[in-house]
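Inside the fold
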Amino acid sequence: MGLRSGCKIDTDFSGGIYLPAVGAVPAMDSIETVEYVGDLFLPLEVDGREIAVEVNPDKSVCQGDILGRTDGYLLRAPRSGDLAGRRKIRTSRGRRCDSLVLRIKNRSEAENHSEAEKSSDQAEHSEDALVPGGIVGSSEAAHAIVLQKIEQAGIVEECSGQPLAKLLERQSGKTYAVVANVVPLEETLNGPLTILQFWPEQVYAGLTILKKFLAADRALLAWPHNFALDKRTARAWEIRAVPVSGKYPQGRPDALVRTLRKRRLVPTRKTKENSTLVVTPQLLRQVERAVLADSFALERLVTVCGDMVKKPGHYLVPIGMPLVELLKQAEITAQPHHVISGCSLAGKAVDAEQTVVDQCCESVMALHRLPRTAAHHCIRCGWCIDFCPAQIDPAQLMQFAETGQYHQANEIAVNTCLECGICSYICPSNLRIMENIQIIKRKLQPDKSAGKRGRK
Ligand code: SF4
Ligand code: SF4
């Protein structure tokens, strides 16, 4: 999970709702930059850790200024404006707060600032041209600069919510392949393809940077076979384009790695020295911008869709913008009953009033209703087992969760669960299977880290 501001999970939803008719599929030929001038709520927590803020709450800041940091994660100002606390502030002086509020007072000033920054970056980096197949500098010093720039940009790996710089440091020399995943989770969530279509050079450059940095053997681009990909450009960058099925849950990183293993494009046995890193085109673009243009990760491309959205599309949104404001820009027809962050099968229901666009937010669906009815007892039909792509026994796992036998779950490989939500969808008794599996995984997590500490 990423950075949230007082996010409340809607308990009426726990994944497993397949809604192919959630409204129109967003067009892939336009990206709308959101002109939002209201308050930005910058959360002070990432991955459960507090961000230390050492600023005067009434101080003015410029776009890109560092507001706070924690263990590799940087919080930067997405716009120029005044800082103000909401409720209580957590600062070096020890007061507490949920989020920091950035009041945008002068938008033209913010734009001038970023324009000046861009032109000085271009001048500085004009000699650092990245060409297909090569990247400037492979020395240790260049390596350190790349890492520093990624850290300074404040880029976060979306799946884990970890700072990317930390992840890269750990994985350097231990990664066999870096995979750009442009397979949409569902037809309506075509944001990854849109990013590739709009900024192909940036995506390919970002992938090349990561491949060189990690000293990986391969750079792969996984794309849905029915999409018209310009393979020549990929080849020019020495990137192997791998067509895969677009069928759910292929877009999930675990499922993708499994497919690549079956095709022997990555090592079939997972070892610590031979891992596969799956990244999104959005992250690759941020890497390219950070390394070659010294730009910061201050905004996200968010796909907004759903049967209550009049203008489904791709919106470039400043980090910290309340979801409810984003939904207004997308012209919701009425107050949505359910707002899902992520896909309809395995996304998370959120309270739009209390959630902001964070470093991990990729898509939002505003839905009128969910077709789930009351849950009944398990009738042992076995459908969940038949349809599980991880080939585990979801019904058994659910029983373990209900009886608190979390450790028994390890015996049937609970960690191989992709959290795709198919079991919950297929279950004729409407049982919240995926939610129970998530509970088991969470319960087992602290023990895992304790084990690691013990081995050291
Ligand atoms: S057990 Fe996990 S992988 Fe299998 S169907 Fe359920 S959510 Fe998907
Ligand atoms: S699909 Fe539902 S009812 Fe059927 S075995 Fe699985 S948990 Fe039980």
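Within each chain, residues carry numbers counting from 1 in the order of the written sequence. Chain letters start at A and ligand numbers start at 1, both assigned in the order the entries are written. In view of the model being predicted, local features appear only for residues whose pLDDT reaches at least 70, and side-chain atom pairs are presented and counted only at 80 or more, with totals across whole chains, interfaces and linings using the full set of residues.

A word on the sheet that holds strand E13 (residues 240-244)
Selection criterion: The criterion for strand pairing is that DSSP finds at least two bridges linking the strands in question. To qualify as a helix, a DSSP run of H or I must reach at least 4 residues; to qualify as a strand, a run of E must reach at least 2; elements of each kind are numbered from the N terminus. To obtain each axis, a line is fitted to C-alpha atoms, and for helices this fit is confined to the stretch in contact; angles are then taken between N-to-C directions over 0 to 180 degrees.
Strand order in the open sheet formed by four strands is E13-E12-E11-E14, and the pairing between neighbours is parallel. Of all the strands in the sheet, the pair left with one neighbour each is E13 and strand E14 (275-279). Pairwise comparison of adjacent strand axes, ignoring direction, gives a mean angle of 25° for this sheet. Sheet topology note: the strand E11 (residues 175-181)/strand E12 (residues 218-224) ladder contains five bridges and is parallel. Each bridged residue has a counterpart across the sheet, and for alanine 177 the counterpart in E12 is arginine 218.

Things to note about helix H3 (residues 164-171)
To be explicit about the condition: Here a residue counts as buried when 20 or more other C-beta atoms sit within 10 Å of its C-beta, as exposed when there are 12 or fewer, and as partly exposed otherwise, the C-beta atoms being derived from the backbone. Arc, as used here, means the arc of the directions from the helix axis to the C-beta atoms. Throughout, a residue-residue contact means that the two C-beta atoms, derived from backbone geometry, are no farther apart than 7 Å.
Every buried residue belonging to H3 is among Leu164, Ala165 and Leu168, and all of these are buried. The buried residues of H3 occupy an angular sector of 100° when projected down its axis, which confines them to one face. If you follow the buried residues of H3, they end up packed against helix H2 (140-153) and helix H5 (200-214). Count one or two residues on from H3 and you reach glycine 173, which has phi positive near 80°.

Quick look at the site of ligand 1
Quick note on the threshold: Defining nearness, a residue is near a molecule or strand when the C-beta atom obtained from its backbone falls within 6 Å of it. Gly is placed with the polar residues, together with every amino acid not listed as nonpolar (Ala, Val, Leu, Ile, Met, Phe, Trp, Tyr, Cys and Pro) or charged (Asp, Glu, Lys and Arg).
Cys388, Ala390, Cys417, Cys420 and Cys423 are the nearest of the 15 residues found near ligand 1. Listed by contribution, the elements that provide at least two residues to the shell around ligand 1 are helix H13 (422-426) and helix H14 (433-455). No other element matches the three residues that H14 contributes to the shell around ligand 1. When its residues are assigned to classes, the shell around ligand 1 shows 13 nonpolar, one polar and one charged.

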